[in-house]
Amino acid sequence: MGNIKWFGSWIGGTLGTMLGSGILGTLAGFCLGSIIDEVMDSRADSNNYNANNQDHYSQGNSYQQYQYGWQNSTSNAQTYEEQRNSFLFSMLVLSSYIIKADGKIMHSEMEFVRQFLRQNFGEQAVNQGQEILLKLFEVQKQQGEQEFRKTIHQSCTEIKHYMDVSQRLQLLNYLVIIAKVDGYVSPEEIKALKEVARHLGLTAKDVDSMLNMESGARADSNIEDAYKVLGISPTATDDEVKAAYRKMALKHHPDRVATLGEDIRKAAEKKFQDINDAKERIFKARGL
(Lines give C-alpha, C1' and ligand atoms only; values in the text may rest on other atoms or scores of the structure.)
Protein backbone atom coordinates (compact mmCIF):
# COMPACT_ATOMS: atom_id res chain seq x y z
CA MET A 1 0.00 0.00 0.00
CA GLY A 2 3.05 2.30 0.13
CA ASN A 3 2.58 3.53 -3.43
CA ILE A 4 -1.06 4.42 -2.83
CA LYS A 5 -0.15 6.25 0.36
CA TRP A 6 2.49 8.31 -1.45
CA PHE A 7 0.19 9.24 -4.30
CA GLY A 8 -2.48 10.08 -1.77
CA SER A 9 -0.14 12.60 -0.20
CA TRP A 10 0.28 14.29 -3.58
CA ILE A 11 -3.43 14.38 -4.38
CA GLY A 12 -5.17 14.71 -1.03
CA GLY A 13 -5.62 18.46 -1.17
CA THR A 14 -1.86 18.98 -1.42
CA LEU A 15 -1.92 19.95 -5.09
CA GLY A 16 -5.58 20.82 -5.28
CA THR A 17 -5.89 24.58 -4.92
CA MET A 18 -2.83 25.50 -6.96
CA LEU A 19 -2.85 22.77 -9.58
CA GLY A 20 -6.59 22.40 -10.05
CA SER A 21 -6.53 24.43 -13.24
CA GLY A 22 -4.14 25.98 -15.72
CA ILE A 23 -1.13 24.44 -17.39
CA LEU A 24 0.27 22.97 -14.15
CA GLY A 25 -3.06 21.29 -13.49
CA THR A 26 -2.96 19.79 -16.98
CA LEU A 27 0.57 18.50 -16.43
CA ALA A 28 -0.39 17.11 -13.03
CA GLY A 29 -3.41 15.40 -14.54
CA PHE A 30 -1.20 13.79 -17.17
CA CYS A 31 1.75 12.85 -14.97
CA LEU A 32 -0.09 11.84 -11.81
CA GLY A 33 -3.39 10.67 -13.25
CA SER A 34 -1.93 8.07 -15.59
CA ILE A 35 0.38 6.71 -12.88
CA ILE A 36 -2.48 6.55 -10.40
CA ASP A 37 -4.44 4.53 -12.95
CA GLU A 38 -1.60 2.02 -13.17
CA VAL A 39 -1.20 1.75 -9.40
CA MET A 40 -4.89 1.61 -8.57
CA ASP A 41 -5.79 -0.78 -11.39
CA SER A 42 -3.56 -3.40 -9.79
CA ARG A 43 -5.33 -3.11 -6.43
CA ALA A 44 -9.01 -2.45 -7.10
CA ASP A 45 -11.92 -3.72 -9.18
CA SER A 46 -11.71 -2.58 -12.77
CA ASN A 47 -15.34 -1.39 -12.59
CA ASN A 48 -14.20 1.59 -10.55
CA TYR A 49 -11.90 2.83 -13.27
CA ASN A 50 -13.81 2.57 -16.56
CA ALA A 51 -13.36 6.28 -17.14
CA ASN A 52 -9.57 5.97 -17.32
CA ASN A 53 -9.47 5.06 -21.01
CA GLN A 54 -9.57 8.70 -22.07
CA ASP A 55 -6.65 10.62 -23.56
CA HIS A 56 -3.83 11.40 -21.09
CA TYR A 57 -4.37 15.13 -21.29
CA SER A 58 -8.04 14.83 -20.34
CA GLN A 59 -7.23 13.14 -17.03
CA GLY A 60 -7.52 16.38 -15.09
CA ASN A 61 -11.12 15.42 -14.13
CA SER A 62 -9.90 12.07 -12.77
CA TYR A 63 -7.22 13.98 -10.91
CA GLN A 64 -9.84 16.30 -9.39
CA GLN A 65 -12.02 13.36 -8.29
CA TYR A 66 -9.13 11.71 -6.44
CA GLN A 67 -8.11 15.06 -5.03
CA TYR A 68 -11.26 15.50 -3.00
CA GLY A 69 -11.30 11.89 -1.86
CA TRP A 70 -8.11 12.28 0.12
CA GLN A 71 -8.85 15.57 1.93
CA ASN A 72 -6.70 16.20 4.98
CA SER A 73 -8.80 16.64 8.10
CA THR A 74 -6.49 19.28 9.54
CA SER A 75 -6.48 22.54 7.58
CA ASN A 76 -3.05 23.63 8.80
CA ALA A 77 -1.52 20.29 7.88
CA GLN A 78 -3.24 20.46 4.49
CA THR A 79 -1.86 23.93 3.83
CA TYR A 80 1.63 22.74 4.78
CA GLU A 81 1.41 19.69 2.52
CA GLU A 82 -0.07 21.72 -0.31
CA GLN A 83 2.78 24.23 -0.28
CA ARG A 84 5.41 21.54 0.09
CA ASN A 85 4.15 19.23 -2.63
CA SER A 86 3.31 22.04 -5.00
CA PHE A 87 6.92 23.15 -4.63
CA LEU A 88 8.14 19.62 -5.38
CA PHE A 89 5.92 19.20 -8.43
CA SER A 90 6.97 22.61 -9.74
CA MET A 91 10.59 21.59 -9.24
CA LEU A 92 10.02 18.45 -11.34
CA VAL A 93 8.29 20.41 -14.12
CA LEU A 94 11.07 22.99 -14.39
CA SER A 95 13.78 20.35 -13.89
CA SER A 96 12.58 18.55 -17.00
CA TYR A 97 13.38 21.71 -18.98
CA ILE A 98 16.80 22.35 -17.42
CA ILE A 99 17.92 18.71 -17.69
CA LYS A 100 17.14 18.63 -21.42
CA ALA A 101 18.50 22.15 -22.11
CA ASP A 102 21.80 20.82 -23.48
CA GLY A 103 20.09 17.99 -25.37
CA LYS A 104 21.32 15.31 -22.96
CA ILE A 105 19.85 13.57 -19.93
CA MET A 106 22.77 13.11 -17.55
CA HIS A 107 22.78 10.30 -15.00
CA SER A 108 24.10 12.67 -12.32
CA GLU A 109 21.19 15.07 -12.88
CA MET A 110 18.61 12.30 -12.65
CA GLU A 111 20.33 10.93 -9.55
CA PHE A 112 20.09 14.34 -7.86
CA VAL A 113 16.32 14.37 -8.48
CA ARG A 114 16.06 10.81 -7.12
CA GLN A 115 17.93 11.83 -3.97
CA PHE A 116 15.71 14.87 -3.62
CA LEU A 117 12.58 12.73 -3.79
CA ARG A 118 14.09 10.17 -1.43
CA GLN A 119 14.78 12.87 1.18
CA ASN A 120 11.29 14.34 0.87
CA PHE A 121 9.06 11.27 0.52
CA GLY A 122 11.21 8.26 1.27
CA GLU A 123 12.50 5.39 -0.81
CA GLN A 124 9.07 4.33 -2.07
CA ALA A 125 8.66 7.65 -3.87
CA VAL A 126 11.80 7.48 -5.98
CA ASN A 127 10.54 5.29 -8.83
CA GLN A 128 7.21 7.10 -9.08
CA GLY A 129 8.89 10.50 -9.00
CA GLN A 130 11.28 9.44 -11.71
CA GLU A 131 8.33 8.23 -13.77
CA ILE A 132 6.74 11.67 -13.42
CA LEU A 133 9.94 13.22 -14.74
CA LEU A 134 10.03 10.77 -17.65
CA LYS A 135 6.43 11.63 -18.48
CA LEU A 136 7.40 15.29 -18.55
CA PHE A 137 10.15 14.40 -21.03
CA GLU A 138 7.43 12.69 -23.05
CA VAL A 139 5.35 15.88 -23.01
CA GLN A 140 8.41 17.78 -24.21
CA LYS A 141 8.91 15.32 -27.07
CA GLN A 142 5.23 15.41 -28.06
CA GLN A 143 4.97 19.19 -27.97
CA GLY A 144 8.29 19.96 -29.60
CA GLU A 145 10.93 22.40 -28.38
CA GLN A 146 9.11 25.66 -29.10
CA GLU A 147 5.71 24.57 -27.78
CA PHE A 148 7.21 23.06 -24.63
CA ARG A 149 9.07 26.31 -24.03
CA LYS A 150 5.68 28.04 -24.02
CA THR A 151 4.44 25.41 -21.53
CA ILE A 152 7.39 26.20 -19.26
CA HIS A 153 6.74 29.94 -19.55
CA GLN A 154 3.09 29.41 -18.59
CA SER A 155 4.13 27.17 -15.70
CA CYS A 156 6.52 29.84 -14.43
CA THR A 157 3.75 32.45 -14.60
CA GLU A 158 1.49 30.25 -12.46
CA ILE A 159 4.32 29.48 -10.02
CA LYS A 160 5.01 33.21 -9.70
CA HIS A 161 1.36 33.72 -8.78
CA TYR A 162 1.28 31.31 -5.81
CA MET A 163 4.89 31.35 -4.53
CA ASP A 164 6.52 34.27 -2.77
CA VAL A 165 9.93 35.49 -3.92
CA SER A 166 11.92 33.51 -1.33
CA GLN A 167 10.25 30.26 -2.36
CA ARG A 168 10.88 31.04 -6.03
CA LEU A 169 14.52 31.76 -5.26
CA GLN A 170 14.85 28.41 -3.50
CA LEU A 171 13.20 26.71 -6.46
CA LEU A 172 15.69 28.41 -8.79
CA ASN A 173 18.50 27.33 -6.48
CA TYR A 174 17.55 23.68 -6.96
CA LEU A 175 17.53 24.13 -10.72
CA VAL A 176 21.02 25.65 -10.57
CA ILE A 177 22.23 22.72 -8.47
CA ILE A 178 20.86 20.29 -11.07
CA ALA A 179 22.71 22.15 -13.82
CA LYS A 180 25.93 22.12 -11.79
CA VAL A 181 25.78 18.56 -10.52
CA ASP A 182 27.69 17.02 -13.46
CA GLY A 183 30.56 19.46 -12.92
CA TYR A 184 29.90 21.63 -15.96
CA VAL A 185 27.17 24.16 -16.69
CA SER A 186 26.75 24.50 -20.44
CA PRO A 187 25.86 27.79 -22.16
CA GLU A 188 22.51 26.21 -23.08
CA GLU A 189 21.79 25.45 -19.42
CA ILE A 190 22.73 28.98 -18.35
CA LYS A 191 20.43 30.39 -21.03
CA ALA A 192 17.59 28.11 -19.89
CA LEU A 193 18.15 29.03 -16.21
CA LYS A 194 18.00 32.75 -16.97
CA GLU A 195 14.94 32.23 -19.13
CA VAL A 196 13.16 30.41 -16.32
CA ALA A 197 14.30 33.02 -13.80
CA ARG A 198 12.89 35.83 -15.92
CA HIS A 199 9.47 34.19 -16.17
CA LEU A 200 9.51 33.45 -12.43
CA GLY A 201 9.88 37.17 -11.82
CA LEU A 202 13.54 36.81 -10.83
CA THR A 203 16.68 38.12 -12.55
CA ALA A 204 19.76 36.99 -14.46
CA LYS A 205 21.79 38.29 -11.51
CA ASP A 206 19.99 35.80 -9.26
CA VAL A 207 21.21 33.01 -11.53
CA ASP A 208 24.77 34.36 -11.62
CA SER A 209 24.76 34.66 -7.83
CA MET A 210 23.71 31.03 -7.38
CA LEU A 211 26.15 29.76 -10.00
CA ASN A 212 28.97 31.40 -8.02
CA MET A 213 27.60 30.64 -4.56
CA GLU A 214 30.00 27.90 -3.45
CA SER A 215 33.11 29.28 -5.12
CA GLY A 216 32.39 32.77 -3.79
CA ALA A 217 32.23 31.40 -0.26
CA ARG A 218 35.58 29.60 -0.46
CA ALA A 219 38.56 31.46 0.97
CA ASP A 220 40.88 30.15 -1.78
CA SER A 221 38.76 31.32 -4.71
CA ASN A 222 38.86 34.55 -6.67
CA ILE A 223 37.45 37.45 -4.63
CA GLU A 224 35.44 38.49 -7.69
CA ASP A 225 33.31 35.37 -7.20
CA ALA A 226 32.32 36.67 -3.77
CA TYR A 227 31.11 39.90 -5.35
CA LYS A 228 29.08 37.89 -7.87
CA VAL A 229 27.34 36.11 -4.99
CA LEU A 230 26.09 39.49 -3.75
CA GLY A 231 25.26 40.57 -7.29
CA ILE A 232 27.56 43.60 -7.26
CA SER A 233 30.79 44.78 -8.88
CA PRO A 234 34.17 44.90 -7.10
CA THR A 235 34.03 48.66 -7.73
CA ALA A 236 30.95 49.04 -5.50
CA THR A 237 31.26 51.37 -2.53
CA ASP A 238 31.28 50.06 1.04
CA ASP A 239 27.72 51.30 1.50
CA GLU A 240 26.64 49.51 -1.69
CA VAL A 241 28.27 46.28 -0.47
CA LYS A 242 26.44 46.49 2.87
CA ALA A 243 23.13 47.28 1.18
CA ALA A 244 23.56 44.39 -1.27
CA TYR A 245 24.26 41.99 1.59
CA ARG A 246 21.21 43.14 3.57
CA LYS A 247 19.04 42.67 0.48
CA MET A 248 20.43 39.17 -0.16
CA ALA A 249 20.09 38.15 3.49
CA LEU A 250 16.46 39.25 3.55
CA LYS A 251 15.52 37.47 0.32
CA HIS A 252 17.34 34.23 1.12
CA HIS A 253 16.67 33.84 4.84
CA PRO A 254 15.83 30.17 5.62
CA ASP A 255 12.84 31.11 7.77
CA ARG A 256 11.07 32.36 4.66
CA VAL A 257 10.87 28.81 3.26
CA ALA A 258 10.23 27.02 6.56
CA THR A 259 6.71 25.98 5.50
CA LEU A 260 8.17 23.93 2.62
CA GLY A 261 9.73 21.38 4.98
CA GLU A 262 12.84 20.85 7.06
CA ASP A 263 14.90 19.39 4.21
CA ILE A 264 14.21 22.40 1.97
CA ARG A 265 14.92 24.73 4.87
CA LYS A 266 18.31 23.03 5.38
CA ALA A 267 19.18 23.61 1.73
CA ALA A 268 18.24 27.27 2.20
CA GLU A 269 20.46 27.42 5.29
CA LYS A 270 23.41 26.16 3.24
CA LYS A 271 22.79 28.88 0.64
CA PHE A 272 22.41 31.50 3.37
CA GLN A 273 25.73 30.43 4.90
CA ASP A 274 27.45 30.77 1.52
CA ILE A 275 26.07 34.32 1.24
CA ASN A 276 27.43 35.16 4.69
CA ASP A 277 30.80 33.61 3.89
CA ALA A 278 31.04 35.64 0.67
CA LYS A 279 30.14 38.79 2.64
CA GLU A 280 32.82 38.03 5.24
CA ARG A 281 35.44 37.61 2.50
CA ILE A 282 34.54 40.99 1.02
CA PHE A 283 34.40 42.72 4.40
CA LYS A 284 37.80 41.29 5.36
CA ALA A 285 39.34 42.38 2.05
CA ARG A 286 37.97 45.89 2.59
CA GLY A 287 38.82 46.08 6.28
CA LEU A 288 35.18 46.54 7.26
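Looking at an unreviewed UniProt entry, one finds the protein named DnaJ domain protein, with Prevotella veroralis F0319 as its source organism.

Undergrad: Give a detailed account of the overall build of the protein, specifying residues and quantitative values.
TA: The helix and strand inventory of the protein stands at 15 helices and zero strands. In the protein, the proportion of contacts linking residues at least 24 apart, taken out of those at least 6 apart, comes to 76%. With the model as given, the accessible surface of the protein reaches about 13,300 Å², and the carbon-plus-sulfur share is 49%.

Undergrad: Can you break down helix α7 (residues 126-143) residue by residue, with the values?
TA: Between the first and last C-alpha of α7 there are 26 Å, a value that for 18 residues agrees with the 26 Å anticipated at 1.5 Å per step. Of the positions making up α7, those classed as buried are Val126, Gln128, Gly129, Ile132, Leu133, Lys135, Leu136, Phe137, Val139 and Gln140. Gly144 lies just past α7 and shows a positive phi near 90 degrees.

Undergrad: Tell me what's going on with the pattern of salt bridges, and back it up with residues and numbers.
TA: Summed over the entire model, instances satisfying the criterion amount to seven salt bridges. In this structure, Arg114 and Glu111 form a salt bridge, with 2.9 Å as the shortest nitrogen-oxygen distance. Of this pair, Arg114 and Glu111 are both found in helix α6 (residues 107-121), three residues apart, which corresponds to roughly one turn of the helix. Classification of Arg114 by relative accessible area gives buried; the value is 15%. Looking at Glu111, the relative accessible area reads 23%, which means it is partly exposed. Asp208 is paired through a salt bridge with Lys194; the nearest N and O atoms lie 3.2 Å apart. In this pair, Asp208 sits in helix α11 (residues 204-211) while Lys194 sits in helix α10 (residues 187-199), placing the two residues 14 residues apart along the sequence.

Undergrad: How would you explain the packing of helix α9 (residues 165-180) against α11 if you had to name every residue and give the values?
TA: Orientation of α9 relative to α11, taken along the N-to-C sense of each, is 55 degrees, at an axis distance of 10 Å. Classified by the angle their axes make, α9 and α11 are oblique. Crossing handedness for the pair α9 and α11: right-handed. Where α9 abuts α11, its residues Leu169, Leu172, Asn173, Val176 and Lys180 lie against Asp206, Val207, Met210 and Leu211. Counted by class, the contact of α9 with α11 contains six nonpolar, one polar and two charged residues.

Undergrad: Hey, could you go over the side chain of Ser90 for me, with residue numbers and the actual values?
TA: As for its position among the elements, Ser90 is in helix α5 (residues 75-99). Since its relative accessible area comes to 0%, Ser90 is described here as buried. For Ser90, the side chain forms a polar contact with the side chain of Tyr162, separated by 2.3 Å.

Undergrad: Explain the packing of aromatic side chains residue by residue, including any values.
TA: This structure, assessed with the given rule, holds five aromatic pairs. Here Phe112 and Tyr174 contribute two aromatic rings whose centre-to-centre distance is 6.3 Å and whose plane-to-plane angle is 45 degrees, an arrangement assigned as tilted. Taken as a pair, Phe112 in helix α6 and Tyr174 in helix α9 lie far apart in primary sequence, 62 residues in all. Among the aromatic side chains, those forming a connected cluster through ring pairs are Phe87, Phe112, Phe116 and Tyr174. Above the plane of the ring of Phe283 lies Lys279, whose end atom (NZ or CZ) is 5.1 Å from the centre.

Undergrad: Run through the environment of Phe148, naming residues and quoting values.
TA: In this structure, Phe148 sits in helix α8 (residues 145-162). For Phe148, a relative accessible area of 1% translates into the label buried. When the C-alpha atoms of Phe148 and Leu136 are compared, they prove to be 9.9 Å apart, with twelve residues separating the residues in sequence. The contacts of Phe148, once residues within four sequence positions are left out, are Ser96, Tyr97, Leu136, Val139, Gln140 and Gln143.

Conventions adopted
- Residues numbered from 1 in each chain as written.
- Predicted model: local features only at pLDDT ≥ 70, side-chain atom pairs only at ≥ 80, totals over all residues.
- Heavy atoms only, no water.
- Helix = DSSP H or I, 4+ residues; strand = E, 2+ residues; numbered from the N terminus.
- Contact = heavy atoms within 4.5 Å.
- Areas by Shrake-Rupley, 256 points an atom, 1.4 Å probe, with all protein chains shown as cover.
- Expected span 1.5 Å × (residues − 1).
- Buried < 20%, exposed > 50% of the residue type's maximum accessible area, 1.4 Å probe, protein only.
- Salt bridge = Lys/Arg side-chain N within 4 Å of Asp/Glu carboxyl O.
- Axes fitted to C-alpha atoms, helices over the stretch in contact; angles between N-to-C directions.
- Parallel < 35°, antiparallel > 145°, perpendicular 65-115°, else oblique.
- Left-handed = near helix turned anticlockwise from the far one by under 90°.
- Nonpolar A, V, L, I, M, F, W, Y, C, P; charged D, E, K, R; others polar.
- Polar contact = N/O pair within 3.5 Å; in protein donor to acceptor, adjacent residues only side chain to side chain.
- Phe/Tyr/Trp six-rings, centres within 6.5 Å; stacked < 30°, edge-to-face > 60°.
- Lys NZ or Arg CZ within 6 Å of the ring centre and 35° of its normal.

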